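A closer look at the structure
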Amino acid sequence: MMRLNDNLTVRTVVHAGGMEWVPSPSPGVDRRMLSRIGDEKARATSIVRYAAGSRFPTHRHPGGEEFLVLEGVFQDETGDFPAGTYVRNPPGSGHAPGSAPGCVIFVKLWQFRATDAERVVRQPGEGEALPARPGVERALRLFADGHEDVRLEDWRADAEVSLSNPDGLELLVLSGGFMEGGEMFRPQSWLRLPAGQDLVVHTGGQGARVWLKAGPLLHPDVCAF
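In this report, we go over the structure that sits alongside the text. (Residues numbered from 1 in each chain as written. Predicted model: local features only at pLDDT ≥ 70, side-chain atom pairs only at ≥ 80, totals over all residues. Heavy atoms only, no water.)

Applying the stated rule across the entire model yields 9 aromatic pairs. Measuring from centroid to centroid gives 5.8 Å for Y50 and F74, while their planes differ by 80°, and the two rings are edge-to-face. Residue Y50 is located in strand 5 (residues 42-50), and its partner F74 is located in strand 8 (residues 65-76); the two are separated by 24 residues in the primary sequence. The residues Y50 and F74 share a single accessibility class, namely buried. On the basis of an interplanar angle of 40° and a centroid distance of 6.3 Å, the ring pair of F74 and F81 is categorised as tilted. Of the two residues, F74 and F81, neither departs from the other in class, the shared state being buried. Of the aromatic side chains, those joined through ring pairs into one cluster are Y50, F56, F67, F74 and F81. When the ring centre of F225 is taken as origin, the NZ or CZ atom of K41, which lies over that ring, is 5.5 Å away. Its end group placed over the ring of F112, R88 keeps NZ or CZ at 4.6 Å from the ring centre. (Phe/Tyr/Trp six-rings, centres within 6.5 Å; stacked < 30°, edge-to-face > 60°. Helix = DSSP H or I, 4+ residues; strand = E, 2+ residues; numbered from the N terminus. Buried < 20%, exposed > 50% of the residue type's maximum accessible area, 1.4 Å probe, protein only. Lys NZ or Arg CZ within 6 Å of the ring centre and 35° of its normal.)

Let us look at the pattern of salt bridges. Inspection of every chain in the model, using the stated rule, returns 20 salt bridges. Across the pair D6 and R3 runs a salt bridge whose closest N-O atoms are separated by 2.7 Å. Note on D6: relative accessible area 30%, which makes it partly exposed. Residues joined by salt bridges that share partners form a network here, namely E128, R133, R141, D149, R151 and E153. (Salt bridge = Lys/Arg side-chain N within 4 Å of Asp/Glu carboxyl O.)

Moving on to the pairing of strand 13 (residues 103-109). Burial within strand 13 is extensive, with 6 of its 7 residues counted as buried. With 7 bridges joining them, strand 5 and strand 13 adopt antiparallel strand pairing. Among the inter-strand pairings, A44 is bridged to a residue of strand 13, identified as L109. Note that strand 8 and strand 13 share 7 bridges and pair antiparallel. Paired with F67 across the bridge in strand 13 is V107. (Pairing = 2+ DSSP bridges.)

Moving on, we come to the environment of A16. Within the secondary structure, A16 is located in the loop between strand 2 (12-15) and strand 3 (22-23). Spatially, the C-alpha atom of A16 lies 8.1 Å from that of M33, the residues being 17 residues apart in sequence. Those residues in contact with A16, other than ones at most four positions away along the chain, are R32, L34, I47, Q188 and S189. (Contact = heavy atoms within 4.5 Å.)

Moving on, we come to the nonpolar core. Within soluble globular proteins, side chains that are nonpolar generally end up buried alongside one another. Core analysis: the biggest nonpolar cluster contains 18 residues, and W155, L171, F178 and L199 have the highest contact counts within it. Mapped onto this core, the elements with two or more residues apiece are strand 16 (136-144), strand 18 (160-163), strand 19 (169-180), strand 21 (189-193) and strand 22 (199-214). No other element matches strand 22, which puts 5 residues into this core. In this structure L199 touches W155, V161, S162, L163, L169, L171, E180, L191 and L193, once residues within four positions along its chain are discounted. Core analysis: the next-biggest nonpolar cluster, separate from the first, contains 17 residues, L34, F106, L140 and L152 among them. (Core = buried A, V, L, I, M, F, W, Y, C linked by side-chain atoms within 4.5 Å.)

Dropping the structure here:
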C-alpha cells in the first residue's frame with residue numbers, strides 16, 4: 001500500500017507545480033500526488049490533469065469526493081464545471097468524469113465524515129462573502145458545517161497574513177505567491193499544518209489567491225477505508 005505524506009502531526013509542504021505528472025490507469029488522465037494512503041483505492045489529495053477528450057469510467061466514491069477546478073472545464077453527467085467551481089460529492093455518490101476541452105482539478109478523496117450527505121456545487125464567484133481582515137482583500141466561504149470551513153481568499157500584495165489554527169489547516173496556492181516557514185510558495189504549492197501551528201505568511205508583489213480549509217486533518221468519524 002502506498003503511503004505518501006501520511007503523518008498528520010507535522011507540517012507538510014509539496015511544491016506540486018514543479019513535479020512530473022504521473023499517468024493514471026485511464027489514458028490521458030495524469031496526477032500529481034500530494035498525500036496518499038492506498039493504491040488506486042486511496043485516501044488521497046491530488047492534482048489531476050485531464051487531456052482534451054479524456055475521461056474516467058463510471059465509478060463510485062464510497063468515502064466522498066471534494067474538488068476545485070483549477071483550469072479548463074471539468075465535466076460529468078451532472079453538467080459542466082469551469083475553472084473556479086467547487087464541488088462536494090458525498091459518500092456513496094458516483095459519476096463518469098471527463099473533459100472535452102481538458103482541465104486540471106485539485107481533488108480530495110475518502111476524507112468525508114460518514115454522516116456528511118450534502119452535495120455542494122459552487123460555481124465561480126458563488127459563496128458567502130466574509131469580512132476582510134488584515135492582509136486579506138477578499139474572502140469567500142465555499143462551505144462550512146461546524147466541522148470544517150472551506151474558503152477562497154485573495155491576499156493583498158506585500159502583506160502579512162495570519163490565521164489561528166486550533167484544529168488543522170490546509171491550503172493550495174492558486175495564483176501569486178508568498179513566503180512561509182522560510183519557503184517560497186507558488187501556484188500549485190500545497191501546505192498542511194497540524195493543529196496548533198498558526199499560519200503566518202508574507203505575500204509578494206502580486207499578492208496571492210488561495211484555497212483554504214480549516215478543520216481536523218482527519219475527522220474522527222471519517223468514512224471507514
